[in-house]
Amino acid sequence: MFYRATENDHGLAFDPFKSCVVPRPIGWISTISPDGVPNLAPYSQFQILTFDPHYVMFAANQKTDGSRKDSAFNAEQTGEFVYNMATYELRQAVNISAQEVPADVDEFKLAGVGKAPSRLVKPYRVKESPVQYECRYHQTLRLPGKSVLGTVDVVIGEVLAVHIKDEFIMPGGKLDIIGMKPIGRLGYYDFTCVETSFEMVIPGSNEELRAGMEGRAAD
Ligand SMILES: Cc1cc2nc3c(=O)[nH]c(=O)nc-3n(C[C@H](O)[C@H](O)[C@H](O)COP(=O)(O)O)c2cc1C
């Protein structure tokens, strides 16, 4: 099939767009409001942007009433946010934390997860999550939408610190991703869970290319 994305005339019962880039990692973003209320919400429009230095982004569409999502607002106002890895074990809590609730609701409590203090930033980390990044807000790129929901704040942050639960660090120095069981989105209401992996090295790759692939800075 072919359709013009600008017209969105795909003719299917369900819009295929979000299912064509999968699985999308879920940035489970914690922030703290200017009034000190802990906030937590999942963002599958989330990615690592680069690694030297380390930058990540999440893209927050506007709320249904046209206001900005709390995670974007808090990150900008306080200058900080935390990425927590969303896992299969934590899937129900991830989903509960996606509810649109008033800004004065502590979404850690709502989702029933523990608060672990961060070292360099104020927002708490999700205690049960195997990985967290402490991030300093860098910039927002605001993309105008064709609808209220379509307008989006792409929030970029620099990663200041990384936490990894020791039990998921394997003797050879790699992470036990399969053991962590991160979840990703497949579009619609469908999710997947990382349960298998395979290795590929670019044929004939030199040291510089390998450095990039491995996420280390080349000299
Ligand atoms: C798995 C999952 C992924 C989501 N990804 C996004 C996203 O990328 N962008 C977005 O605006 N909303 C996304 N949502 C919806 C937000 O989590 C939801 O609007 C939430 O209430 C925002 O909370 P906040 O206002 O506290 O930031 C997602 C929801 C779920 C369950």
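Look a little higher up for the structure.
Described below are features of the structure shown in this document. Because the structure is a prediction, the values reported are computed rather than measured.

### Notes on the overall build of the protein chain
Thinking step 1. When helices and strands are tallied, the protein chain shows 5 helices and 12 strands.
Thinking step 2. For 219 residues, the compact-globule estimate of 2.2 N^0.38 gives 17 Å, and the protein chain sits close to it at 18 Å.
Thinking step 3. Counting the 219 residues in the protein chain, one finds 39% classified as buried.
Thinking step 4. Put simply, 59% of the contacts in the protein chain that link residues at least 6 apart link residues at least 24 apart.
Thinking step 5. Only carbon and sulfur atoms are counted for the fraction: they give 55% of the accessible area of the protein chain, which is about 13300 Å².
Thinking step 6. Distance between charge centroids for the protein chain: 2 Å, based on 22 positive and 28 negative side chains.

### Some thoughts on the layout of surface pockets
Thinking step 1. Estimated volume of the second largest pocket: approximately 670 Å³.
Thinking step 2. In terms of lining residues, the second largest pocket is bounded by 22 residues, among which Arg210, Gly212, Met213, Glu214 and Gly215 are the most central.
Thinking step 3. Those elements that place two or more of their residues in the lining of the second largest pocket are strand S4 (46-51), strand S5 (54-61), strand S10 (152-164) and helix H5 (207-214).
Thinking step 4. Tallied by class, residues from the lining of the second largest pocket come to 13 nonpolar, 5 polar and 4 charged.

### Observations concerning unusual backbone geometry
Thinking step 1. Along the chain, Val22 connects to Pro23 via a cis peptide bond; the corresponding omega equals -10°.
Thinking step 2. With respect to the helices and strands, Pro23 occurs in the segment before strand S1 (24-25).
Thinking step 3. With an omega dihedral of 5°, the bond running from Asp52 to Pro53 counts as a cis peptide bond.
Thinking step 4. Take Pro53: it is sitting in the loop between S4 and S5.
Thinking step 5. Positive phi is not limited to glycine here, since Lys181 has a value of about 55°.
Thinking step 6. Relative to the helices and strands, Lys181 is located in the loop between helix H4 (177-180) and strand S11 (183-185).

Parameters at a glance
Residues numbered from 1 in each chain as written. Predicted model: local features only at pLDDT ≥ 70, side-chain atom pairs only at ≥ 80, totals over all residues. Heavy atoms only, no water. Helix = DSSP H or I, 4+ residues; strand = E, 2+ residues; numbered from the N terminus. Rg over C-alpha atoms; globule rule 2.2 N^0.38 Å. Buried < 20%, exposed > 50% of the residue type's maximum accessible area, 1.4 Å probe, protein only. Contact = heavy atoms within 4.5 Å. Areas by Shrake-Rupley, 256 points an atom, 1.4 Å probe, with all protein chains shown as cover. Lys, Arg positive; Asp, Glu negative; His and termini not counted. Charge placed at Lys NZ, Arg CZ, Asp CG, Glu CD. 1 Å grid on protein atoms, 1.4 Å probe; cavity = no way out; pocket = protein on both sides within 12 Å on 5 of 7 lines; lining within 4 Å. Points joined across faces, edges and corners; volume = space filled by probe spheres on them. Nonpolar A, V, L, I, M, F, W, Y, C, P; charged D, E, K, R; others polar.

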